[in-house]
Amino acid sequence: MALTPDEADRILADNFAPWVLELGLRVEETGERHAVLRLPWSERLARDGGGLSGQALMAAADTATVIAVASARGAYGPMTTVQQSTSFQRPVTGADVLIDARVTKLGRRMAFAEITMTAEGTEEPAARASTVYALLG
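K.L.:
How would you explain the nonpolar core if you had to name every residue and give the values?
P.N.:
Of all hydrophobic cores here, the largest spans 43 residues; its most connected members are Leu-37, Leu-39 and Met-117. Mapped by element, the contributors of at least two residues to this core are α1 (5-15), β2 (34-39), α3 (54-73), β4 (97-106), β5 (110-119) and β6 (127-135). Among the elements that make up this core, the one with the highest residue count is α3 (twelve residues). Beyond its immediate chain neighbours, meaning those up to four positions away, Leu-37 contacts Leu-12, Leu-25, Arg-26, Val-27, Glu-28, Thr-63, Ala-64, Ile-67, Val-97, Leu-98 and Ile-99.

Here it is in structure tokens:
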């Protein structure tokens, strides 16, 4: 049973470090094997040249994976990142980013996900990531 967006927002509030919460991520959608989070545009997250920093996108992808895995499992449980690979394809300037995390394999001890990060109002991804998580509980 998938989580609701409100339940997923509570997972964010209760389980993530303060600096992650400062990204302002909001859960837009949840489903049986996915979650979509919104990373609001902020000048604080921009690097030289005005583009959104890669570190912010990577943290958002990592966080979205936790929510997608929790939704796939029907509840939050302890987990940790084993691997994350991110490819940046185009800069994001002045726009929110939708982080779409899809669980591609959910086992008893491991979860795998693919994440697409797209600036709002565009169709072409700004970045893509793949993650592997160890499920601890």
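So that's the structure; there's more coming.
K.L.:
Explain the layout of surface pockets to me, and be specific about the residues and the numbers.
P.N.:
Gaps left between atoms show up when a probe the size of a water molecule is rolled over them. The calculated volume of the largest pocket comes to roughly 190 Å³. As for the largest pocket, its lining consists of 13 residues, of which Trp-19, Glu-22, Leu-23, Arg-44 and Leu-45 are closest to the centre. No other element matches the three residues that α3 contributes to the lining of the largest pocket. Residue classes in the lining of the largest pocket are distributed as seven nonpolar, four polar and two charged.

K.L.:
Describe in detail the pairing of strand β1 (residues 26-30), supporting the description with residues and values.
P.N.:
Sheet topology note: the β1/β2 ladder contains four bridges and is antiparallel. Directly across from Glu-29, in β2, lies its bridge partner Val-36. Connecting the antiparallel pair β1 and β2 is a turn made up of three residues.

Parameters and conventions
- Residues numbered from 1 in each chain as written.
- Predicted model: local features only at pLDDT ≥ 70, side-chain atom pairs only at ≥ 80, totals over all residues.
- Heavy atoms only, no water.
- Core = buried A, V, L, I, M, F, W, Y, C linked by side-chain atoms within 4.5 Å.
- Buried < 20%, exposed > 50% of the residue type's maximum accessible area, 1.4 Å probe, protein only.
- Helix = DSSP H or I, 4+ residues; strand = E, 2+ residues; numbered from the N terminus.
- Contact = heavy atoms within 4.5 Å.
- 1 Å grid on protein atoms, 1.4 Å probe; cavity = no way out; pocket = protein on both sides within 12 Å on 5 of 7 lines; lining within 4 Å.
- Points joined across faces, edges and corners; volume = space filled by probe spheres on them.
- Nonpolar A, V, L, I, M, F, W, Y, C, P; charged D, E, K, R; others polar.
- Pairing = 2+ DSSP bridges.

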